[in-house]
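Residue-level structure breakdown
As a plain string of letters, each chain reads:
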Amino acid sequence: MHGRLLIEGGLVLAHAAATPQRADILIEEGRVQAVLPADQGSSGGGVDAAVPRLDASDRLVIPGLVNGHTHAHGALGRGAVEDVALEGFLAASPSINGGRGIDDLALSATLGAAELLRRGCTALFDMPAQMPVPTLEGLHSVAGAYARVGIRAVVAPMLADRTLYQAYPELLATLPQALAPGAAALTAPAPAASLAAVQAAARTWPFDPARVRLGVAPTIPLHCSDELLRGCARLSAEWDLPMQIHLAESKAQALHGQQRYGKSLVAHLADLGMLGPRLSTAHSIWIDDDDIARLAAAGVTAIHNPLSNLRLGSGIAPVRRMLERGLRVGLGSDGANTSDTQNLFEGMRLAAFVSRVTTPDESQWIGAAEAFHMATEGSMHALGWGEQLGRIEAGRAADLVLLDLAQPGYVPLRHAVRQLVHGESGAAVDRVLVGGELVFAHGKVLTIDEPALRRQAEAAAQRLDALNAEGRHLAQALRPWVSAFCCGVGRRPFPAQHELRGA
Ligand SMILES: [Zn+2]
């Protein structure tokens with residue numbers, strides 16, 4: 001009976017367009033073997049009595065949510081990011097992510113993974129940062145953390161060979177004498193070093209690739225030379241690595257991209273051979289209809305990240321226009337440092353609701369089923385496991401979430417998908433299974449010692465904040481100039497806190 005389990009008597013929501021039905025789910029060797037409609041009152045009929053049972057009565061059973069875009073390093077940076085736009089955040093990120101050892105990389109990934117499981121997410125596309133340059137050891141550290149926690153993950157190291165000030169050379173020219181040398185002294189690794197680390201990882205990957213696989217992530221077009229972008233595309237093709245890039249996340253990126261390349265960022269990526277079904281584009285906000293058509297034709301997946309887009313004031317992705325033009329759309333949380341949470345239930349609700357502030361035309365709004373589809377099957381394609389996740393059906397991975405129907409949001413229960421997307425906070429998550437194995441139950445992540453994890457995180461934050469104090473001061477001094485240049489909000493120092501309080 002090894003590897004078999006019967007989830008008995010739950011209300012099963014197999015996919016976004018399905019009507020929930022009372023059914024038993026038979027799991028074998030990590031996959032759904034069968035979904036058996038429950039006969040009145042006596043479920044589990046016909047299944048060997050020796051198969052272990054998990055009682056799911058009064059539970060809504062949904063496919064595990066799939067996070068299409070996040071960052072392992074974000075969890076340890078939680079609370080460190082001020083009220084800044086994207087470029088202000090990027091200016092501060094060396095001082096948030098700097099000084100981390102190999103163990104810190106694993107610690108941050110573990111924190112993120114534990115939060116994701118608690119919020120019903122069973123798979124993620126991760127873009128971890130390692131400073132100053134990604135290493136094989138660092139990648140193994142992050143991947144090992146996911147393997148231990150028991151979450152499914154793509155580990156795609158974030159690569160760049162230009163700093164923010166090299167991406168926007170004109171910004172450097174606007175800085176005052178006191179700050180310019182500090183900004184100019186920041187460096188990014190040469191493309192060869194980053195690409196060699198990914199190549200070495202691809203050649204010797206020691207993890208079960210069905211659970212934790214390698215990807216590649218040239219971080220932002222303007223932050224990557226053509227040589228690095230081409231190198232990433234080559235590695236992705238050679239080793240079948242899912243590839244992801246932040247695309248036109250801010251208006252500054254889109255405008256400066258146009259200026260630098262004489263074409264849109266999407267056209268630039270297309271000319272370098274980057275577009276294809278292995279590519280997903282995080283954010284994809286400042287793109288036009290031609291860009292969307294081009295991405296759709298190439299089989300790219302766009303990942304919508306409303307949590308961080310609202311937090312950073314980046315804008316709202318044209319999701320309806322994407323869907324109308326056949327571009328696949330997934331959903332991401334983005335890192336916990338810029339979304340403050342790893343909660344795709346909130347992500348779904350925001351995906352549905354931000355579409356409504358853009359137009360009063362209801363036909364253009366994102367509906368609950370569409371948002372749920374994004375957070376399951378939409379994101380699934382970015383992770384590169386084909387059609388193995390995102391639905392509850394025979395043959396797919398048994399990545400499942402049981403939601404407690406006694407929670408207020410489901411009482412009375414009329415429309416499961418609507419009530420889930422519009423009302424679920426994650427509080428109803430009762431049990432989570434990845435590959436048929438129970439990893440969250442009774443309010444606890446079963447694979448790790450969460451109180452110890454918390455103690456380690458507090459100690460690491462204290463140590464890293466002290467280590468990064470100098471960089472933090474530089475970033476804070478640079479911030480008004482970065483904002484003035486990238487967001488056009490005027491060159492002036494921000495008011496001090498005491499001035500705000502006195503106002
Ligand atoms: Zn991101």
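All figures in this text were calculated on a predicted structure; none of them were measured in a lab. (Residues numbered from 1 in each chain as written. Predicted model: local features only at pLDDT ≥ 70, side-chain atom pairs only at ≥ 80, totals over all residues. Heavy atoms only, no water.)

1. Looking at the coordination of the zinc ion
Taken together, the protein donors to the zinc ion comprise H69 (NE2), H71 (NE2), H246 (NE2) and D334 (OD), at separations of 2.1 to 2.5 Å. Taken together, the four donor atoms surrounding the zinc ion define angles of 84 to 175° at the centre, an arrangement classified as irregular. Within one chain, the residues serving as donors to the zinc ion are arranged as H-x1-H-x174-H-x87-D. Here the residue H69 occupies a position in strand β6 (residues 65-70), and H246 occupies one in strand β12 (residues 243-247), the gap between them amounting to 177 residues. Across the pair, H246 and H69 agree in class, each one buried. (Donors = N, O, S within 2.8 Å, 3.2 Å for Na, K, Ca; no water. Tetrahedral: all angles 85-135°; square planar, octahedral: opposite > 155°, others 65-115°. Helix = DSSP H or I, 4+ residues; strand = E, 2+ residues; numbered from the N terminus. Buried < 20%, exposed > 50% of the residue type's maximum accessible area, 1.4 Å probe, protein only.)

2. Some details on empty space enclosed by the protein
Over the atoms rolls a probe the size of a water molecule, and its path tells where empty space is left. On inspection of all chains with the given rule, the structure shows four cavities of 30 Å³ or more. Roughly 70 Å³ of internal volume is contained in the largest cavity. T70, H71, A72, G112 and Q342 are, among the 15 residues lining the largest cavity, the residues nearest its centre. Take the lining of the largest cavity: its biggest share by element is five residues, from helix α2 (residues 102-118). Counted by class, the lining of the largest cavity contains eight nonpolar, seven polar and no charged residues. In this structure, the second largest cavity encloses a volume near 50 Å³. Its residues assigned to classes, the lining of the second largest cavity shows seven nonpolar, two polar and no charged. (1 Å grid on protein atoms, 1.4 Å probe; cavity = no way out; pocket = protein on both sides within 12 Å on 5 of 7 lines; lining within 4 Å. Points joined across faces, edges and corners; volume = space filled by probe spheres on them. Nonpolar A, V, L, I, M, F, W, Y, C, P; charged D, E, K, R; others polar.)

3. Here's the deal with the packing of α2 against helix α3 (residues 136-149)
Two elements in contact, α2 and α3, have axes separated by 8 Å at closest approach and are oriented at 30°. Relative to α3, α2 is oriented roughly parallel. α2 and α3 meet at a crossing whose hand is right-handed. Every residue of α3 that contacts α2 at I102, L105, A106, A109, T110, A113, A114 and L117 is listed here: E137, G138, S141, V142, A145, Y146, R148 and V149. Classifying every residue of the contact of α2 with α3 by side-chain character gives 11 nonpolar, three polar and two charged. (Axes fitted to C-alpha atoms, helices over the stretch in contact; angles between N-to-C directions. Parallel < 35°, antiparallel > 145°, perpendicular 65-115°, else oblique. Left-handed = near helix turned anticlockwise from the far one by under 90°. Contact = heavy atoms within 4.5 Å.)

4. Here's the deal with unusual backbone geometry
The linkage connecting M131 with the following residue, P132, adopts the cis geometry, with an omega of 5°. Cis peptide bonds are those with omega within 30 degrees of zero, and the linkage from V411 to P412 qualifies with -5°. You can see P412 is positioned in the loop between β16 (400-404) and α17 (416-423). Here A248, not a glycine, exhibits a phi torsion of approximately 45°, which is positive. With respect to the secondary-structure elements, A248 resides in the loop between β12 and α9 (251-261).

5. Comments concerning the side chain of N343
Counting through the fold element by element, N343 comes out in the loop between α14 (336-339) and α15 (344-357). Under the relative-accessibility criterion, N343 is labelled buried at 2%. Among the polar contacts made by the side chain of N343, one reaches the main-chain amide nitrogen of F345 at a distance of 2.9 Å. Those residues in contact with N343 that lie beyond four places of it in its chain are R119, L307 and S425. (Polar contact = N/O pair within 3.5 Å; in protein donor to acceptor, adjacent residues only side chain to side chain.)

6. Details of α2
Taking 1.5 Å of rise per residue, the 17 residues of α2 would be expected to cover 24 Å, and the 25 Å separating its terminal C-alpha atoms lies within 8% of that figure. Most of α2 sits out of view: 13 of its 17 residues are buried. Looking one or two places after α2, you find G120, whose phi comes out positive at around 75°. (Expected span 1.5 Å × (residues − 1).)

7. What about helix α16 (residues 368-383)?
The end-to-end C-alpha distance of α16 is 23 Å, a good match for the 22 Å that 16 residues give at a rise of 1.5 Å each. Its axis deflected by about 45° at M374, α16 carries its strongest bend there. With 12 of 16 residues buried, α16 is to be regarded as a mostly interior element. Three or more residues of α16 are buried, namely A368, A371, F372, M374, A375, T376, E377, G378, S379, M380, A382 and L383. Where α16 ends, the next residue or the one after it, G384, has phi of about 80°, a positive value. (Bend = angle between axes of the 7 residues up to and from the residue.)

8. Here's the deal with the confidence of the model for the chain
Considering every residue of the chain, the mean pLDDT works out to 94; 95% of them sit at 70 or more. A low-confidence stretch, residues 490-503 stays under pLDDT 50, and its non-local contacts, those more than four residues away or across chains, total 10 contacts. (pLDDT = per-residue confidence, 0-100.)

9. A closer look at the state of the cysteines
Joining two cysteines, a disulfide is a covalent bond between their sulfur atoms. Under the counting rule described, the total for this entry stands at zero disulfides. The cysteine C232 is free of any disulfide, with C224 supplying the nearest cysteine sulfur at 6.5 Å. Among the residues examined, C232 registers a relative accessible area of 0% and is labelled buried. (Disulfide = S-S within 2.5 Å.)

10. Considering a nonpolar patch on the surface
Among the surface-exposed residues, L310, I316 and V357 lie close enough to one another that they form a single nonpolar patch of about 260 Å² accessible area. With respect to the helices and strands, the residue L310 is situated in helix α12 (residues 306-311). (Patch = residues over 30% accessible without salt bridge, like charges linked within 9 Å, V, L, I, M, F, W, Y side chains within 5 Å. Areas by Shrake-Rupley, 256 points an atom, 1.4 Å probe, with all protein chains shown as cover. Salt bridge = Lys/Arg side-chain N within 4 Å of Asp/Glu carboxyl O.)

11. Some remarks on the sheet that holds β12
Pairing within the open sheet is parallel, and its four strands lie in the order β12-β13-β14-β15. Two strands lie at the open edges of the sheet, namely β12 and β15 (328-331), each paired on one side alone. Neighbour-to-neighbour, the strand axes of the sheet open up by a mean angle of 30°, direction not taken into account. As defined by bridge partners, strand β13 (residues 279-283) adjoins strand β14 (residues 301-304) across three bridges and the pair is classed as parallel. What sits directly across from S280, in β14, is T301. Taken strand by strand, α15 contacts β14 and β15, and its axis lies near 130° from that of β15. With respect to the sheet, α16 is in contact with β13, β14 and β15, its orientation differing from that of β15 by roughly 110°. (Pairing = 2+ DSSP bridges.)

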